[in-house]
There are 2 protein chains.
Amino acid sequence: MSLQDLERPARQRLLNIAIVGATGAVGAELIGCLERRGFPVGQLKLLASARSAGRTLVFKGQPVAVETLTAEAFDGVDIALFSAGAAISRQFAPLAAARGCVVVDNSSAFRMDEGTPLVVPEVNGGLLAGRPMIVANPNCVAAIAVMALAPLHARNPIVRVIGSTYQSASGAGAAAMEELELSTAAYLAGEAFTPKVLPHPYAFNVFSHNTAIDPATGYNGEETKVMAEVRKLMGTPDLRVSFTCIRVPVLRAHSMALNVEFEGQVTANDALSWLADAPGVRLVNDNENNHFPMPSEATGVDDVLVGRLRGDASDPTGRTLTLFLSGDQLLKGAALNAVQIAEQYAS
Amino acid sequence: MSLQDLERPARQRLLNIAIVGATGAVGAELIGCLERRGFPVGQLKLLASARSAGRTLVFKGQPVAVETLTAEAFDGVDIALFSAGAAISRQFAPLAAARGCVVVDNSSAFRMDEGTPLVVPEVNGGLLAGRPMIVANPNCVAAIAVMALAPLHARNPIVRVIGSTYQSASGAGAAAMEELELSTAAYLAGEAFTPKVLPHPYAFNVFSHNTAIDPATGYNGEETKVMAEVRKLMGTPDLRVSFTCIRVPVLRAHSMALNVEFEGQVTANDALSWLADAPGVRLVNDNENNHFPMPSEATGVDDVLVGRLRGDASDPTGRTLTLFLSGDQLLKGAALNAVQIAEQYAS
């Protein structure tokens, strides 16, 4: 028996995979996750706009040419991982599915459709049992938040969540990450810089998430998505939830402060024990050394870091905790979660 | 009548002012605020440790030598503005006061002493009527927070505040600001950098405030100070309040997301009208153009910027608002507030 046989179940079928939006920030991470996690890839198709077609990327040491996205490109593909924006998903995901290709969609296009499962495998992976043809991958903040919320909710139902986010540039794509670096370098050099990707200066600045404000509610598009998706992912349509989404000058990990009210009384130690064996969660809660979740330590890490657990001083009934998380926006917030969904189909 | 007579009340007495900690980040702003606001300074004494004595700073275009801090240095001084840490304040503030010098103390030394007024002039400036010899200047987060909270509380009593901060480097002093710039430059150059001032990497990172965690509560020293000082400043000892204090890679303005529960129902429009004429508050609440408070626009500005006002989606009773603020940590969060207190004595 060869080493390869030991690593892979004997009769595991190889799957043909397509990545739509292969040249973007999430696309690069999708390729990396497939390779790093030993996904049983047969053929890998890299699809993008005609503008990017002809570029060559590398998978397992081999060059793979980027092809133009067309409906026909999905022929013979088992699973397509979409990360090219909601408009592309709306157009091409149904075409792919009609050709028998399962779609894992990282855009917002189908997330709130009643018939489309919105999945974080550790939280509600059971929804994949029926092998749906289109699966939605959640908003990055929602995906990271529920990694900590769901294991707590399973032990003591959560009734209210108030969140404030510290979101990284990567959520706005590779160009925003570059703009953060370039504008910061310009600032340090005392040079002027005109932002092109984001609407506000990003160097040493924070600003409210640049999605449109809903005039009816005052919440922006990001907050509205996060609140709806947290409810759908947790299976708690009546959960009371409020988020304030703020961009901070961090490259690729999202953090958030969560104030979480439970149905029954709860202590920080209860929550620590419930989170200790939660899959995909790493406790970073070292009070003595003041060591808690940070983007610098969440970057490039699959697990969501959780810490700063304490009983909320503003709730005298002892039913509220407050905590802080950091998770890689491009991994658990996007590519990793999509590949984990695809792995359910491969198993 | 000369132009000078027009600008200053005819018989306004000139006051001799001392700045303790003149060479620090707040010290520089104190000098700037006295000059910019036309404070009636007679003699200006700049005091610092022996290490800094002999340096020369500039006030109104004139060089002023930094002298060593001693008890005798306060002879003939009317008001001393202290910003050299709690230990120096505990030692020298009583000595200055015993010499008839009013102390406005920017450290935490006396803030929670029952007999010491803790003052933000716009909020509780009436406490200065008795001309106390020692006045405490609040923690920067508390000072900025109450600028928005107090005018709201005056119209509809606030019962609970949940805050998450986005705190700048300046709160940890000039050395931390320099460390943020140097570590960011190193990061961009691909060079290693070992933090010396702060315990964690600061370039493109956020981290929980680096004050010790209280083992009994799980809150850190900064959060504990903010919560106690907000209660004292608002005159609401029973206010339910919880803060999460986070450092972000911003140079000198603090921001915060506040979730504020009121006794009675409230709308965002109510709050906007109550804040519109609040002294020291500038509304930045342009939903259409996605323009809200940002450190980049609060830096160097006296007013606290307030915006993102909306009814909290997680409170079905309609008694909660959520909002976002930015204020200059070195101005309203420190030097400006101290000089405003001193102005009450000069008037």
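Predicted model, so just to flag it, every value in this text is computed and none were measured.

Rules used in this analysis
Position numbers for residues count from 1 along each chain, tracking the sequence in the order it is written. To label them, take the chains in the order written and letter them from A, then take the ligands in the order written and number them from 1. With the structure being a predicted model, the display of local features is reserved for residues of pLDDT at least 70 and the display and counting of side-chain atom pairs for 80 or more, all residues being used for whole-chain, interface and lining totals. Side-chain figures throughout are based on the complete set of non-hydrogen atoms in the structure, without hydrogens or water. When DSSP finds at least two bridges between two strands, those strands are taken to pair. Only runs of H or I of at least four residues qualify as helices and only runs of E of at least two qualify as strands under DSSP, and these elements are numbered from the N terminus. All axes here are fitted lines through C-alpha atoms, helices being fitted over the stretch that makes contact, and every angle between N-to-C directions spans 0 to 180 degrees. By the convention used here, residues are in contact when the closest approach between their heavy atoms is within 4.5 Å. Residue ranges assigned to the domains are those given by an automatic or database domain assignment. When two components associate, each loses some accessible surface as probed by a 1.4 Å sphere; the sum of these losses over both components is called the buried area. When a carboxyl oxygen of Asp or Glu lies within 4 Å of a side-chain nitrogen of Lys or Arg, that pair is called a salt bridge. Here a polar contact means two N or O atoms within 3.5 Å. Within protein one must be a hydrogen donor candidate and the other an acceptor candidate, and residues neighboring in sequence count only if both atoms are side-chain atoms. Accessible area is worked out with a 1.4 Å probe on protein chains only. A residue is then buried under 20% of its type maximum, exposed over 50%, and partly exposed in between. Helix span is expected to be 1.5 Å times the residue number reduced by one. Working definition for bend: take the seven residues up to and ending at a residue and the seven starting at it, fit an axis to each, and measure the angle between the axes. The fit set for superposing copies consists of C-alpha atoms from residues with pLDDT of at least 70 in both; the fit itself is least squares.

## Some remarks on the sheet that holds strand β6 (residues 102-105) of chain B
Residue and element names in this part refer to chain B. The sheet built from seven strands is open, its strands ordered β3-β4-β2-β1-β5-β6-β7 with mixed pairing. The outermost strands of the open sheet, each flanked by one partner alone, are β3 (56-59) and β7 (134-136). Neighbouring strand axes in the sheet, compared pairwise and without regard to direction, differ in orientation by 25° on average. Note that strand β2 (residues 41-48) and strand β4 (residues 62-68) share three bridges and pair parallel. Residue pairing in the sheet places Leu46 in a bridge with Val66 of β4. Contacts between helix α10 (residues 331-346) and the sheet are confined to β1 (15-20), β5 (79-82), β6 and β7, with β5 contributing the most and set at about 170° to the helix.

## Brief notes about the domain arrangement of chain A
All names here are of chain A. Domain assignment breaks chain A into domain 1 (3-138 + 334-346) and domain 2 (142-328). Using only C-alpha atoms to locate each centre, domain 1 and domain 2 end up separated by 26 Å. Across the contact, 17 residues belong to domain 1 and 15 residues belong to domain 2. At the boundary of domain 1 with domain 2, total buried surface from both sides reaches about 1400 Å², with 63% on carbon and sulfur atoms. The three residues of domain 1 that bury the most area against domain 2 are Met112, Glu122 and Val123, which together make up 32% of that side's buried surface. Between the two partners, domain 1 and domain 2, sit four salt bridges. A salt bridge links Asp302 to Arg36, with the shortest nitrogen-to-oxygen separation between them at 3.0 Å. At the boundary of domain 1 with domain 2, the tally comes to seven residue pairs in polar contact (both at pLDDT 80 or more). Every element with two or more residues in the side of domain 1 that touches domain 2 is listed here: α2 (25-36) and α4 (121-124).

## Some points on unusual backbone geometry
All names here are of chain B. The phi torsion at Lys60 lies on the positive side, around 50°, for a residue other than glycine. With relative accessibility at 41%, the residue Lys60 sits in the partly exposed group. Here the phi dihedral of Asn290 falls at roughly 55°; this positive angle occurs in a residue that is not glycine. Counting through the fold element by element, Asn290 comes out in the loop between β13 (281-283) and α9 (295-298). What makes Asn290 buried here is its relative accessible area of 11%.

## Let's talk about the interface of chain B and chain A
Each partner contributes to the interface: chain B provides 61 residues, whereas chain A provides 61 residues. When the two sides are added together, the surface that chain B and chain A hide from each other amounts to roughly 4700 Å², 58% of it contributed by carbon and sulfur. The largest share of the area that chain B buries against chain A comes from Tyr166(B), Phe204(B) and Asn290(B), three residues that together contribute 13% of it. Summed over the shared surface of chain B and chain A, the number is six salt bridges.

## Let's talk about helix α3 (residues 86-98) of chain B
Because the α-helix completes a turn every 3.6 residues, residues three or four places apart line up on one side. Residues and elements named next belong to chain B. Its 13 residues place the ends of α3 18 Å apart at the C-alpha level, agreeing with the 18 Å of an ideal helix rising 1.5 Å per residue. Where α3 bends most, at Phe92, the angle is about 35°, and the proline Pro94 comes one to four residues later. When α3 is considered as a whole, its buried residues turn out to be Ala86, Ser89, Phe92, Ala93, Ala96 and Ala97. The inward-facing, buried residues of α3 abut β5, β6 and β7.

## Let's talk about the environment of Pro295(B)
With respect to the element layout, Pro295(B) can be found in helix α9. As a C-alpha pair, Pro295(B) and Met133(B) span 162 residues in sequence and 34 Å in three-dimensional space.

## Some thoughts on the pairing of strand β8 (residues 158-166) of chain B
Residue and element names in this part refer to chain B. Among the nine residues of β8, eight are classified as buried, and the element is accordingly described as predominantly covered. Pairing of β8 with strand β12 (residues 253-262) involves eight bridges; the strand directions are antiparallel. Following the sheet pairing, Arg160 is matched in β12 by Glu261. Sheet topology places β8 next to strand β10 (residues 240-244); five bridges connect them, and they run parallel. Considered in β10, the bridge of Val161 is made with Val241.

## Here we look at the relation of the copies chain B and chain A
Least-squares fitting of chain B to chain A yields an RMSD of 0.0 Å, with the superposition described by an axial translation of 0.0 Å and a rotation of 180°. Here the transformation between the copies is reduced to the relation of a two-fold axis.

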